[in-house]
Amino acid sequence: MPRILLVEDNPDLAFGIAKSLEVEGFDVVTVGDGPAGVEHARRLNPDLIILDLMLPGFDGYQVLATVRAEDHTVPVMILTARGDEPNKLHGFRLGADDYVTKPFGVSELIARVRALLRRAHPELRGPSSVRTVEHFGNVTVNMATRVVTRDDRQVPLTPKAFDLLVALIKGDGAVATRHDLLRDVWEHRAEVTTRTVDIHIAELRRKLEEDAAEPRYILTVWKVGYRLDKRG
């Protein structure tokens with residue numbers, strides 16, 4: 001049973017979300033402030049974190065930054081009333097995988113939860129998962145286990161950064177426009193902009209290239225998009 005950590009300071013909203021998720025078969029642990037969110041993320045090793053931004057103690061951005069700094073690759077969904085683009089971009093820069101604006105529909109929320117869990121946890125997809133290992137340069141990408149290594153050392157990637165890398169690999173050297181990647185990785189969600197793609201590309205280059213400023217593999221095609229050159 002997938003375990004979800006819900007960090008939400010509104011007790012009525014938290015109760016409603018938790019009950020809706022529990023009906024769908026999820027194990028939900030709810031906490032109401034930033035420090036408790038960090039503590040439970042460390043202790044519980046959840047399969048997914050749903051995170052409000054406006055929290056007592058310290059805010060959701062600090063929770064997210066702390067979780068990511070500790071190399072957690074757990075998917076994180078921000079759930080907040082802050083719907084403006086600067087807040088969204090800041091959340092994605094810190095490593096959020098999805099961003100849902102209040103008010104929201106319960107059915108949509110559950111669908112997004114399931115999508116994040118499927119992508120982050122291959123064992124939840126069933127026996128049809130494709131088991132493929134890809135290489136470029138000193139990087140190895142295991143599609144089945146979602147493990148990326150560089151020089152035989154594991155590289156922690158957020159679930160969305162991994163999905164973006166897989167989309168580039170599957171392109172087999174062809175150019176993928178930003179809109180192609182929005183469709184394939186983010187399913188064209190209204191709150192995700194093309195700048196979000198650029199932020200995740202920068203993360204991939206920082207972690208996988210020898211020199212992120214002069215990438216050999218993850219290449220920009222000016223005014224079009226990106227492509228992966230496995231030969232470097």
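Just so we're clear, the structure is a prediction, and the values are computed from it rather than from any experiment.

Caption draft 1: The side chain of E8, seen in detail. Mapped onto the elements of the fold, E8 is located in the loop between strand 1 (3-7) and helix 1 (11-23). Here N10 takes part through its backbone nitrogen, which lies 2.9 Å from a polar atom of the side chain of E8. If near-sequence neighbours (up to four positions away) are discounted, E8 is found in contact with L13, A14, V31, G32, D52, L55 and K102.

Caption draft 2: The pattern of salt bridges, seen in detail. Under the definition given, this model contains 18 salt bridges. Across the pair R150 and E210 runs a salt bridge whose closest N-O atoms are separated by 3.4 Å. Placement of the pair is R150 in strand 8 (residues 147-150) and E210 in the loop between helix 8 (194-208) and strand 11 (218-221), with a sequence separation of 60 residues. Classification of R150 as buried rests on a relative accessible area of 19%. Between R231 and D229 there is a salt bridge; the shortest N-O distance is 3.5 Å. Residue classification places R231 among the exposed residues on the basis of a relative accessible area of 74%. You can call D229 buried: its relative accessible area is 12%. Taken together, the salt bridges that share partners define one network made up of E8, D52 and K102.

Caption draft 3: Main features of the packing of aromatic side chains. Counting across every chain of the model gives 2 aromatic pairs. The interplanar angle of 45° and the centroid separation of 6.3 Å between the aromatic rings of F92 and Y99 together place this pair among those described as tilted. Judged by relative accessible area, Y99 falls into the buried class, the value being 0%. Centroid distance F136 to Y217: 5.4 Å. Interplanar angle 55°. Geometry classified as tilted. Residue F136 is located in strand 6 (residues 133-136), and its partner Y217 is located in the loop between helix 8 and strand 11; the two are separated by 81 residues in the primary sequence. Look at F136 and you get buried, because its relative accessible area is 2%.

Caption draft 4: Focus on the nonpolar core. Within the largest apolar cluster, 49 residues are counted, with the highest numbers of intra-cluster contacts made by I49, V141, V148, L165, L204 and L208. If you tally residues by element for this core, the top one is helix 6 (residues 159-170), at 8 residues. Among all residues touching L208, those that are not within four sequence positions of it are F136, V139, V148, R150, V155, L165 and I218.

Caption draft 5: Summary view of the pairing of strand 6. Residues E134 and F136 point to one face of strand 6 and are all buried, whereas V133 and H135, pointing to the other face, are not buried. Pairing between strand 6 and strand 7 (residues 139-142): 4 bridges, direction antiparallel. Of the residues in strand 7, the one forming a bridge with E134 is V141. Counted between consecutive antiparallel strands, the loop separating strand 6 from strand 7 contains 2 residues, among which G137 sits at a positive phi close to 55°.

Criteria and thresholds
- Residues numbered from 1 in each chain as written.
- Predicted model: local features only at pLDDT ≥ 70, side-chain atom pairs only at ≥ 80, totals over all residues.
- Heavy atoms only, no water.
- Helix = DSSP H or I, 4+ residues; strand = E, 2+ residues; numbered from the N terminus.
- Polar contact = N/O pair within 3.5 Å; in protein donor to acceptor, adjacent residues only side chain to side chain.
- Contact = heavy atoms within 4.5 Å.
- Salt bridge = Lys/Arg side-chain N within 4 Å of Asp/Glu carboxyl O.
- Buried < 20%, exposed > 50% of the residue type's maximum accessible area, 1.4 Å probe, protein only.
- Phe/Tyr/Trp six-rings, centres within 6.5 Å; stacked < 30°, edge-to-face > 60°.
- Core = buried A, V, L, I, M, F, W, Y, C linked by side-chain atoms within 4.5 Å.
- Pairing = 2+ DSSP bridges.

So, to be careful, I would describe these as geometric facts and stop short of saying anything about function.
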